[in-house]
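Overview (structure and organization)
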Amino acid sequence: MDDRIDRVARIQAEWRRERPELDVAPQGIIGRLHRLAARLSEELAVVYAEHGLTEGEFDVLATLRRAGEPFERSAGDLAVSTMITTGGMTKRLDRLERAGLVVRRTSPTDGRGRTVRLTGAGRDLVDRAFEAHMVNERRLVDLVPEEDRVQLESTLRDWLAALDPEG
């Protein structure tokens, strides 16, 4: 049994006092995961900002970079891949295009569709940002004891698969 008292443990204790008939044990996991996700997002955003990007803009550039030569995808594929609406994607692409990091053109296969391509400047920026991102993620993961990391990844993968089979 872990005796450490953190904010989540204090909240659980208050709920146990106020509603002793309810099982608040799940709050220990969900509450901590929620707080951890928020803190991790803050830590990751620092690196994106150092490269003049938001998390969403980094995500778009990284998705294009992972596509391989010629580093392009349809705007619709980008929206699906980054899990945002097409309207939200348009706003991101507008900013990235103004910054000279992507170009848009009419799709050669669908006259109504748009293809988005990473520019040379976009590729250089996302490569630098991704390297810094990986260093930052290593720093964050290294806060977990090495012997716990494999089990943690497996547990998170299984839990995510149970909630979202496409993960």
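Because the structure is predicted, anything quoted here is derived from the model rather than measured.

**A few points about the confidence of the model for the protein**
Mean pLDDT for the protein: 92, with 95% of residues reaching 70 or above. The lowest-confidence element of the protein is helix α4 (residues 75-82), averaging 86 in pLDDT; the highest-confidence one is helix α6 (residues 120-141), averaging 98.

**What about the environment of Ala-25?**
Relative to the helices and strands, Ala-25 resides in helix α2 (residues 25-50). The exposure class of Ala-25 is partly exposed, given its relative accessible area of 42%. Ala-25 sits 13 residues away from Gln-12 along the chain, and the two C-alpha atoms are 7.6 Å apart.

**Observations regarding α2**
Here α2 is 26 residues long and its end C-alpha atoms lie 39 Å apart, about the 38 Å a rise of 1.5 Å per residue gives. All of the buried residues in α2 are Gly-28, Gly-31, Leu-44, Val-47 and Tyr-48. Of the surrounding elements, those touching the buried residues of α2 are α1 (7-18), α3 (55-66) and α6. Positive phi shows up at Gly-52, right after α2, with a value of about 75 degrees.

**Details of a nonpolar patch on the surface**
On the surface, a nonpolar cluster with roughly 800 Å² of combined accessible area is contributed by Ile-29, Ile-30, Leu-33, Leu-36, Leu-40, Leu-152, Leu-156, Trp-159 and Leu-163. Per-element accounting of the nonpolar patch gives the leading share, five residues, to α2. Position of Leu-156 among the secondary structure elements: in helix α7 (residues 146-163).

Calculation rules
- Every residue gets a number counted from 1 within its own chain, in the order that chain's sequence is written.
- Local features are withheld for residues below a pLDDT of 70 in this predicted model, meaning they are given only at 70 or higher, and side-chain atom pairs are given and counted only at 80 or more; totals for whole chains, interfaces and linings count all residues.
- Only hydrogens and water are set aside; all other atoms, that is, all heavy atoms of the structure, feed into the side-chain values.
- Per-residue confidence from the predictor is reported as pLDDT, a score between 0 and 100.
- A run of H or I in DSSP becomes a helix once it reaches four residues, and a run of E becomes a strand once it reaches two; helices and strands are each numbered from the N terminus.
- In this scheme, a residue with accessible area under 20% of its type's maximum is buried, one over 50% is exposed, and one in between is partly exposed, where area comes from a 1.4 Å probe on protein chains only.
- Here, expected helix span is obtained from the residue count minus one, scaled by 1.5 Å.
- Contacts were defined at the residue level, with two residues in contact if any of their heavy atoms lie within 4.5 Å.
- A patch consists of residues exposed above 30% relative accessible area that lack any salt bridge, with like charges linked at up to 9 Å and nonpolar side chains (Val, Leu, Ile, Met, Phe, Trp, Tyr) linked at up to 5 Å.
- Using the Shrake-Rupley algorithm and a 1.4 Å probe, accessible areas are obtained, with residue cover drawn only from the displayed protein chains.
- Any Lys or Arg side-chain nitrogen found within 4 Å of a carboxyl oxygen on Asp or Glu counts as a salt bridge.

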